[in-house]
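If you want the building blocks of each chain, they are given just below.
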Amino acid sequence: MNVNGIGTTGYPAWQGAGKTRQNMAGKNFAESVNNAAVKKGHTVYLKTDDMLYSGGNGTGLSFYIKYAEGSTEDDPTVIAKGVDENGNEFEQTIHINKINPRNASLVEMTALESYMGVDKNGGLTSLPPETGMMGLRDRTDFMDMFQKQISDMKLLSQKRAAAYYQYSMQAYWDFMNKK
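If you're wondering where the values come from, they're calculated on a predicted model, not measured in any experiment.

A. Representation of the side chain of threonine 77 in the model. Among the structural elements, threonine 77 can be located in strand E5 (residues 77-83). Separated by 3.2 Å, the side chains of threonine 77 and histidine 95 make a polar contact. Not counting residues up to four positions away in its chain, the partners in contact with threonine 77 are Tyr67, Ala68, Ser71, Thr93, Ile94 and His95.

B. Broad picture of the pairing of E5. Most of E5 is tucked away, with 6 of its 7 residues classed as buried. Relative to E5, strand E4 (residues 62-67) is paired through 6 bridges, and the arrangement is antiparallel. Each bridged residue has a counterpart across the sheet, and for phenylalanine 63 the counterpart in E5 is glycine 82. For E5 and strand E6 (residues 89-95), the ladder comprises 7 bridges, and the chain directions are antiparallel. The residue bridging isoleucine 79 from the neighbouring strand is threonine 93, located in E6. Linkage of E5 to E6, two consecutive antiparallel strands, is achieved through a turn of 5 residues, within which glycine 87 is found at a positive phi near 85 degrees.

C. Representation of the sheet that holds E6 within the structure. The sheet built from 4 strands is open, its strands ordered E3-E4-E5-E6 with antiparallel pairing. Looking at the sheet topology across the chains shown, the edges are occupied by strand E3 (51-56) and E6. Within the sheet, the average angular offset between the axes of one strand and its neighbour, ignoring direction, is 15 degrees. Where E3 lies against E4, 5 bridges are found, and the strand directions are antiparallel.

D. Highlighting the packing of helix H3 (residues 142-155) against helix H4 (residues 159-178). Taken N-terminus to C-terminus, the directions of H3 and H4 make an angle of 160 degrees; their axes are 8 Å apart at the nearest point. Regarding the angle of H3 to H4, the classification is roughly antiparallel. Between H3 and H4 lies a crossing of left-handed hand. From H3, Met143, Phe146, Gln147, Gln149, Ile150, Met153 and Lys154 reach across to H4, where they touch Ala161, Ala162, Tyr165, Gln166, Ser168, Met169, Tyr172, Trp173 and Met176. Of the residues that constitute the contact of H3 with H4, the class distribution is 11 nonpolar, 4 polar and 1 charged.

E. Up close: the packing of aromatic side chains. As enumerated under the stated definition, the model contains 7 aromatic pairs in all. Between tyrosine 45 and tyrosine 64, the ring centres sit 5.2 Å apart and the planes meet at 65 degrees, which makes this aromatic pair edge-to-face. Here tyrosine 45 is found in the loop between helix H1 (13-40) and E3, whereas its partner tyrosine 64 is found in strand E4, with 19 residues between them in sequence. By relative accessible area, tyrosine 45 is classed as partly exposed at 23%. Centre to centre, the rings of tyrosine 53 and phenylalanine 63 are 5.2 Å apart; their planes meet at 35 degrees, and the pair counts as tilted. Of the two residues, tyrosine 53 is situated in strand E3 and phenylalanine 63 in strand E4; the sequence distance between them amounts to 10 residues. For the residue pair tyrosine 53 and phenylalanine 63, the accessibility class agrees, reading buried in each case. Of the aromatic side chains, those joined through ring pairs into one cluster are Phe146, Tyr164, Tyr165, Tyr167 and Tyr172.

Criteria and thresholds
- Residues numbered from 1 in each chain as written.
- Predicted model: local features only at pLDDT ≥ 70, side-chain atom pairs only at ≥ 80, totals over all residues.
- Heavy atoms only, no water.
- Helix = DSSP H or I, 4+ residues; strand = E, 2+ residues; numbered from the N terminus.
- Polar contact = N/O pair within 3.5 Å; in protein donor to acceptor, adjacent residues only side chain to side chain.
- Contact = heavy atoms within 4.5 Å.
- Buried < 20%, exposed > 50% of the residue type's maximum accessible area, 1.4 Å probe, protein only.
- Pairing = 2+ DSSP bridges.
- Axes fitted to C-alpha atoms, helices over the stretch in contact; angles between N-to-C directions.
- Parallel < 35°, antiparallel > 145°, perpendicular 65-115°, else oblique.
- Left-handed = near helix turned anticlockwise from the far one by under 90°.
- Nonpolar A, V, L, I, M, F, W, Y, C, P; charged D, E, K, R; others polar.
- Phe/Tyr/Trp six-rings, centres within 6.5 Å; stacked < 30°, edge-to-face > 60°.

Take a look at the structure:
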């Protein structure tokens, strides 16, 4: 049957047209995802038992952290390996006791967070959300970042979130005071 130039084959024309759009949209979406993955080329490290951390952020920075050979209780040392936001490989040796949360990189703070076992409250990190846009070599005052996040959460009447960031910040204050 043909109605106004639209053929039907046992089901209403609108149903068939919808299925065609659905299938095309699915293919276009899949193609878009595949093309984006090929062009961007992000690397993701899956966590193994010997890793303290594996992850990254929205810039493409992706890395894992393991204890270094020769790490001791007095001088805990880790190795961070991964790719920076430009896809370049990197490796850093980080002495935990030398990390200064008032002037640290995301990789250093992640190493400290992992070493200390700071509660992530069911999330991926205890660090404020702004870290999601930090590159490998970016440094910032994480204590100021925590204070801003706490202030923002209080302003939004998010008492639980404010309390969580207060807890996290206190863990890093305690670390700095033990030095």
